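Commentary on secondary and tertiary structure
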Amino acid sequence: MDPILPELQAAAAGLLFRSESDYPFETVDLGRAKYLEPTPAQLLEMLDLPVGTPARTVDLAYFLRNMTRTSPEQSPAMQEEAARFQALERLFVERLAHVQVIRLGEVQVEAFLLGSTPTGRLVGLKTRLVET
């Protein structure tokens, strides 16, 4: 197990990705990866999913934009949650290379927040979201 995984797990503990349903984050370690910056098609291959599965890449900041945004009218709890999401985003950017989010599926989406470690492992978090 890569040493960053416990850090990612701690940073994401208790956070929910808010969509039409709220889901927690789970750590993922795809091991020493042949593709350190996988395309959606390569991730499908790595996960043994069908080739026709809808898949696309989005930027991490864009993916987390609604979670990291703050405003003066937010409650202190919402501002604290936004700060935790901002810290999670920084952890990805500062500790991992080739950071990206790959979304798999359409209405029921599985999202992989991935980056590569200096030792050549592909690691990150995954969550689900619902978009109707």
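Provided above is the structure to which this section pertains.
First things first, this report covers the structure right here in the doc.

Each value, and the rule that gives it
- Residues numbered from 1 in each chain as written.
- Predicted model: local features only at pLDDT ≥ 70, side-chain atom pairs only at ≥ 80, totals over all residues.
- Heavy atoms only, no water.
- Helix = DSSP H or I, 4+ residues; strand = E, 2+ residues; numbered from the N terminus.
- Rg over C-alpha atoms; globule rule 2.2 N^0.38 Å.
- Buried < 20%, exposed > 50% of the residue type's maximum accessible area, 1.4 Å probe, protein only.
- Contact = heavy atoms within 4.5 Å.
- Areas by Shrake-Rupley, 256 points an atom, 1.4 Å probe, with all protein chains shown as cover.
- Lys, Arg positive; Asp, Glu negative; His and termini not counted.
- Charge placed at Lys NZ, Arg CZ, Asp CG, Glu CD.
- Salt bridge = Lys/Arg side-chain N within 4 Å of Asp/Glu carboxyl O.
- 1 Å grid on protein atoms, 1.4 Å probe; cavity = no way out; pocket = protein on both sides within 12 Å on 5 of 7 lines; lining within 4 Å.
- Points joined across faces, edges and corners; volume = space filled by probe spheres on them.

Notes on the overall build of the chain
- Helix and strand content of the chain: five helices and seven strands.
- Helices and strands in the chain line up, N terminus first, as α-β-β-β-α-β-α-α-α-β-β-β.
- Its C-alpha radius of gyration of 15 Å places the chain within 12% of the 14 Å reference for a compact globule of 132 residues.
- Looking at the chain as a whole, 39% of its 132 residues are labelled buried.
- Taking contacts inside the chain between residues at least 6 apart in sequence as the whole, the part at least 24 apart equals 60%.
- Accessible surface computed for the chain: about 7,200 Å², of which carbon and sulfur atoms make up 52%.
- If you average the places of the 13 positive and of the 18 negative side-chain charges in the chain, the two averages end up 2 Å apart.

Overview of the pattern of salt bridges
- Per the stated rule, a full pass over the model turns up seven salt bridges.
- With a closest N to O distance of 3.0 Å, Arg18 and Asp22 form a salt bridge.
- Residue Asp22 is classed as partly exposed on the basis of its relative accessible area of 39%.
- Across the pair Arg128 and Glu110 runs a salt bridge, and its minimum N-O distance is 3.8 Å.

Examining the layout of surface pockets
- Space inside the largest pocket adds up to approximately 170 Å³.
- As for the largest pocket, its lining consists of 13 residues, and the residues nearest its centre are Phe63, Arg65, Arg103, Leu129 and Glu131.
- Listed by contribution, the elements that provide at least two residues to the lining of the largest pocket are β1 (16-18), β4 (55-58), α3 (60-63) and α4 (65-68).
- Of all the elements, α4 adds the most residues to the lining of the largest pocket, at three residues.

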